[in-house]
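Descriptive analysis of the structure
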Amino acid sequence: MSGCYSNQNSYQYECNRSYGSCNRPVDNCNCGCSTKVCPPGPVGPRGATGPTGPTGPTGATGAGLTGAVPFNPANAPGYPVGQVVTFEGSTYLVVSAPPVGIPGSSASYLLLAAAGATGATGATGDTGVTGATGVTGATGATGDTGVTGVTGLTGATGATGATGVTGATGPTGPTALSTSAYGFFSNSGTATLALVIGIPQQVPLNVTNLALNETLAGNLVTLAEAGIYQIDYYMTSTAAVGVGVTVGINQNGGAVIPGSQSGGLVAVGVGGVLAGQAIVNAAAGDTIGIVASATIIAAFAAANISITITRIA
């Protein structure tokens, strides 16, 4: 033997294996070591697997996920541990009672299943059948009236027609009111005005053809009597460039009397007629004249200028 060991059984085995069974107590076996034991031999082969043991007892029933409820802040203080709640598509388990906060941001709730991602958009379905035409709606309100367009140019005077048959004499009219004031005034030539935008200019008058209680001075007619007067004016016009011109009657140097305006686009080299009328209530000493204004700075030539002022009441 190569060594001695203190294990009595191992010593007995090695003595028997090496020298044969002594059939005597180990101490009387002459193995070279009377007080030590021999080393162990090699490990023997694994024994066959024993039969399967009996099935153990069934364990206690665990807590399931039944009874899940949607998370409600008002009911949350009453949730017990183990309560399952759903919130924004995810499922949580209450792990401390009473829970605090809201699922997803509070340690009182354990995430069991997160909300799934939004699926891909499905294919567009076939176009449905066109529905029946609906009932015609009520007619909408009428829109606002559009802006009035610019007055067109006065056309050329047509040829004088043939004299018609003399009609029957009409009934005698009422006796005319005898007037105590009248006047017919004009310009002996062509008057050229340098018109400025927005500043009316007095049209020149220099001839008194006929007058009673009316006086012409400085392009204005002064009325000697108070009363109601009918005023008529007339002129033809041309311009160096195409220009919009407005002509009218003014009283005492004021604004143009409403309704007395005449105007339009005066074209280059094309004569246009500008004429108008007004009835005014005048005091003794009032002045009457003709004024012109333009839309652009332009030279404006007027001819055949005349004005008739007649007291009618």
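Residues numbered from 1 in each chain as written. Predicted model: local features only at pLDDT ≥ 70, side-chain atom pairs only at ≥ 80, totals over all residues. Heavy atoms only, no water.

**Observations regarding the overall build of the chain**
Secondary structure assignment for the chain yields 1 helix and 16 strands. The 313 residues of the chain split such that 27% are buried. For the chain, the proportion of contacts with a sequence separation of at least 24, taken over those separated by at least 6, is 63%. Of the roughly 20200 Å² of accessible surface on the chain, 56% is carried by carbon and sulfur atoms. (Helix = DSSP H or I, 4+ residues; strand = E, 2+ residues; numbered from the N terminus. Buried < 20%, exposed > 50% of the residue type's maximum accessible area, 1.4 Å probe, protein only. Contact = heavy atoms within 4.5 Å. Areas by Shrake-Rupley, 256 points an atom, 1.4 Å probe, with all protein chains shown as cover.)

**A short note on the sheet that holds strand 3 (residues 90–94)**
Read across the open sheet, the 4 strands follow the order 1-2-3-4; overall the sheet is mixed. Two strands in the sheet have a free side with no partner beyond their single neighbour: strand 1 (69–70) and strand 4 (109–113). When strand 3 meets strand 4, the two strands line up antiparallel, connected through 4 bridges. Opposite Val 94, over in strand 4, you have Tyr 109 as the bridge partner. (Pairing = 2+ DSSP bridges.)

**Structural notes on the pairing of strand 15 (residues 287–294)**
Across the 8 residues that make up strand 15, a large majority, 7, are buried. Relative to strand 15, strand 7 (residues 201–202) runs antiparallel, the two being bridged by 2 bridges. Opposite Gln 201, over in strand 15, you have Ala 292 as the bridge partner. Both strand 10 (residues 220–223) and strand 15 contribute to a ladder of 2 bridges, which runs antiparallel. Of the residues in strand 15, the one forming a bridge with Thr 222 is Thr 287.

**Remarks on the pattern of salt bridges**
Counted by the stated rule, this structure contains 1 salt bridge. Where Arg 311 meets Glu 225, a salt bridge forms, and the shortest distance between an N and an O atom there is 2.6 Å. Here Glu 225 lies in the loop between strand 10 and strand 11 (227–239) and Arg 311 lies in strand 16 (residues 298–311), a separation of 86 residues in the sequence. We classify Arg 311 as partly exposed; its relative accessible area is 23%. (Salt bridge = Lys/Arg side-chain N within 4 Å of Asp/Glu carboxyl O.)

**Examining the side chain of Thr 236**
One can find Thr 236 in strand 11. When residues no more than four places from it in sequence are discounted, the contact partners of Thr 236 are Gly 272, Val 273, Ala 301, Ala 302, Ala 303 and Asn 304.

**Considering the packing of aromatic side chains**
Per the stated rule, a full pass over the model turns up 3 aromatic pairs. When the ring of Phe 71 is compared with that of Tyr 109, the centres are 5.9 Å apart and the planes differ by 90°; the resulting orientation is edge-to-face. Of this pair, Phe 71 sits in the loop between strand 1 and strand 2 (84–87) while Tyr 109 sits in strand 4, placing them 38 residues apart in sequence. Given the relative accessible area of 12%, Phe 71 is considered buried. (Phe/Tyr/Trp six-rings, centres within 6.5 Å; stacked < 30°, edge-to-face > 60°.)

**Points about the nonpolar core**
Within the largest apolar cluster, 33 residues are counted, with the highest numbers of intra-cluster contacts made by Met 235, Phe 300 and Ile 307. Those elements that provide at least two residues to this core are strand 6 (191–195), strand 10, strand 11, strand 12 (243–251), strand 14 (272–282), strand 15 and strand 16. Residue contributions to this core peak at 6 residues, all from strand 16. Sequence-distant contacts of Met 235, defined by excluding residues within four places in its chain, comprise Val 203, Val 247, Gly 272, Val 273, Leu 274, Ile 290, Phe 300, Ala 302, Ala 303, Asn 304 and Ile 305. Tyr 79, Val 85, Tyr 92 and Tyr 109 belong to the second largest nonpolar core, which has 7 residues in total. (Core = buried A, V, L, I, M, F, W, Y, C linked by side-chain atoms within 4.5 Å.)

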